[in-house]
Amino acid sequence: KKYGTVAAFIVICILFSLSTDVFLTRSNILTVLRQISMLAILGGGLTVVMITGRIDLSIGYGTSLLGIFCAALMVDFGISMPVAVLLTLLGGALIGLLNGTLIAYGGVPDFICTLGTGFLLSGINQAYTEGHPISGLPDSFDAFGNMSFLGIPTMIFILAFWLLIIAVVLSKTRFGRHTYAIGGNKEAALMSGVNVKSNSMWGFVFCGIGMAITALVLTSRMGSAHVTAADSYQMQAIATVYLGATAFKEGEPNLAGTLLGALILGVLKNGMTLMNISYYYQDIATGLIILAAVIITSVQKSHKN
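A few points about the confidence of the model for the chain
- For the chain, mean pLDDT is 90; residues scoring 70 or higher make up 97% of the total.
- Ranking the elements of the chain by mean pLDDT puts helix α12 (residues 279–304) last with 74 and helix α4 (residues 81–105) first with 96.

Pasting the structure below:
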């Protein structure tokens, strides 16, 4: 039960490696890691929220807006790249703080609150750009998505650093222990003296910072900021966390599982593309795997309860 998802991932890799000689090459492995980097970065921040039993439906829209925000600072307002990056990270934290405050202290249901925030962010995005992308980014901005170090794309290093930060916070700090306690039993955590509202709020701040990092990498990778650049990542990131919840902790979101979930989705898409399988069938396969993950997660939670 605990490692079934890992075994399934290994079987998928073996099948694709037998089907095409290109799959296990160094260049293709780096391609897969590069393709999942943004999804895993976004999923990593979302994992902190979902550990507490909450969800954030604004992540796609927020990431798209932050990409436009960063590009506009550099192109429209002439702000230097380092300052624009710092302000983008701050903007992501503020989006998370808004969601967390309304949900934790305002008592607004997370589903409705983040859905409303998402539409708000999307509206601001559309109003500022009128649907037009922002191009002409400085060459130095390529460092986030288009450069390599020691033959490895920098976005992979960014992913590893971000996941390492989250892993340390969740495993080595009081906030991390309290986050798991809230997810395990909110009432028991409250009775034990855990500040449930504050910890829940800070979980959304982590998610917002993940949006900002994803926006930086995605905008750099594309060479311009597009209004709906990250909208499609919203459901994929949620699916990644659910898929990862079937591994290691039996029905509970966890960081290692989220990375594994992103790898499964990335390997599936990459392997089927190498085998020249139609895009439509790729969606069918992905949808079936996500449905299976949700069902398995629900069953695991039910048995654990």
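Topic: the nonpolar core
- Leu 46, Ile 59 and Val 267 are the most contacted members of the largest nonpolar core, which has 63 residues in total.
- Top element by residues in this core is helix α2 (residues 26–51). It accounts for 13 residues.
- Aside from chain neighbours lying at most four places away, what touches Leu 46 is Asp 56, Ile 59, Cys 207, Ala 237, Ile 238 and Val 241.
- Leu 73, Met 81, Leu 137 and Phe 144 belong to the second-largest nonpolar core, a separate cluster that totals 15 residues.

Remarks on the packing of helix α6 (residues 154–172) against helix α7 (residues 174–184)
- For the pair α6 and α7, interaxial distance at closest approach is 5 Å and the crossing angle is 75 degrees. On the basis of their axis angle, the class for α6 and α7 is roughly perpendicular. From α6, Val 169, Leu 170 and Lys 172 reach across to α7, where they touch Arg 174, Phe 175, Gly 176, Arg 177, Thr 179 and Tyr 180.
- Classifying every residue of the contact of α6 with α7 gives 4 nonpolar, 2 polar and 3 charged.

Let's talk about the environment of Asn 195
- Mapped onto the secondary structure, Asn 195 falls in the loop between α8 (186–191) and α9 (196–222).
- Look at Asn 195 and you get partly exposed, because its relative accessible area is 44%.
- Each C-alpha atom of the pair Asn 195 and Asn 276 lies 52 Å from the other, and the pair is 81 residues apart in sequence.
- A polar side-chain atom of Asn 195 sits 3.1 Å from the main-chain amide nitrogen of Ser 198.

Rules and cut-offs
Residues numbered from 1 in each chain as written. Predicted model: local features only at pLDDT ≥ 70, side-chain atom pairs only at ≥ 80, totals over all residues. Heavy atoms only, no water. pLDDT = per-residue confidence, 0-100. Helix = DSSP H or I, 4+ residues; strand = E, 2+ residues; numbered from the N terminus. Core = buried A, V, L, I, M, F, W, Y, C linked by side-chain atoms within 4.5 Å. Buried < 20%, exposed > 50% of the residue type's maximum accessible area, 1.4 Å probe, protein only. Contact = heavy atoms within 4.5 Å. Axes fitted to C-alpha atoms, helices over the stretch in contact; angles between N-to-C directions. Parallel < 35°, antiparallel > 145°, perpendicular 65-115°, else oblique. Nonpolar A, V, L, I, M, F, W, Y, C, P; charged D, E, K, R; others polar. Polar contact = N/O pair within 3.5 Å; in protein donor to acceptor, adjacent residues only side chain to side chain.

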